[in-house]
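Residue-level structure breakdown
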Amino acid sequence: SKVRYINPQINQLMRNFLVPKWGLSGGIITEYYFVRTLAVVPEFNFISKGFKYQQPYVQGRKRFDYLQLSVSGKLSSDNKDDNVISVYIGPFASYWIYGMRYEVDYKSFETLKDNFTFESTEYSYNRWDAGVLFGIEAKFTQSKRRRLLIDVRYEFSLVSNDLKKVDGTNNRVFVLSIGYLFGKF
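Starting from 1, residues in each chain are numbered consecutively following that chain's sequence as written. Two thresholds apply to this predicted model, a pLDDT of at least 70 for residue-level local features and 80 or more for giving and counting side-chain atom pairs, whereas whole-chain, interface and lining totals are computed over all residues. As a convention, hydrogens and water are excluded, and side-chain values are obtained from all of the structure's heavy atoms.

In this section: the confidence of the model for the chain. A score between 0 and 100, pLDDT records how confident the predictor is in each residue. On average, residues of the chain carry a pLDDT of 79, and 77% of them reach 70 or more. Any two residues having at least one pair of non-hydrogen atoms within 4.5 Å are treated as being in contact. Every residue in residues 1-14 is under pLDDT 50, and counting partners more than four places away or in other chains gives 35 contacts.

Structure representation (structure tokens):
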């Protein structure tokens, strides 16, 4: 995931210090097709968002774990051999369930590792996140009841993470998923 600062001066200053971080995601998905090529897709996922940062004497990372609900509209190709390419777009809402910070200060040689508490006075992150996601996926039929899924999506948060409006960060997340879909196709 990547962080974008609303304030242009902070965005320019911090751009060189922030690096995207890999995280885990997984969940449950179902598809309701109205016709062979048009569907609505509700999903419930666990997703890890966060970033790494590097300043002159400090290096660290922050991780925020969310439970996320999304509902997308999907347009699929009508391919006769059951290999399908689809594009989708829709809103999402996320609830922050856990956070962690790890930081190393190379000047004082101190290491800090702590879990975020939601009542902290040091920082005030928003527990709710909401925004828009869009992506493309490919499904390859393995058998009558199993398909290989490759999914690439981008999620853009419309809610500021920082309740105190100090840095005005928003989540921006790229997700690459590879998995299996089970059921009757």
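Next comes the rest of the description.
A few words on the layout of surface pockets. Points on a 1 Å grid, built from protein atoms alone, make a cavity when a 1.4 Å probe fits but cannot get out and make a pocket when they are open with protein on both sides within 12 Å along at least 5 of 7 lines; residues with an atom within 4 Å of a point are the lining residues. Grid points are joined across faces, edges and corners, and a volume is the space filled by probe spheres set on the points. For the largest pocket, the calculated volume is near 910 Å³. If you go around the largest pocket, you meet 40 residues; those closest to its centre are Ile29, Glu31, Lys139, Leu149 and Leu181. By the criteria applied, helices consist of DSSP H or I runs no shorter than four residues and strands consist of E runs no shorter than two, each listed in order from the N terminus. Residue contributions to the lining of the largest pocket peak at 8 residues, all from strand β11 (residues 169-182). Just so you know the grouping, Ala, Val, Leu, Ile, Met, Phe, Trp, Tyr, Cys and Pro go in nonpolar, Asp, Glu, Lys and Arg go in charged, and all remaining residues, Gly too, go in polar. Its residues assigned to classes, the lining of the largest pocket shows 13 nonpolar, 14 polar and 13 charged.

In total, this model carries 1 cavity of 30 Å³ or more according to the counting rule given. In this structure, the largest cavity encloses a volume near 40 Å³. Secondary structure elements with two or more residues in the lining of the largest cavity: β5 (38-54), β6 (58-76) and β10 (146-157).

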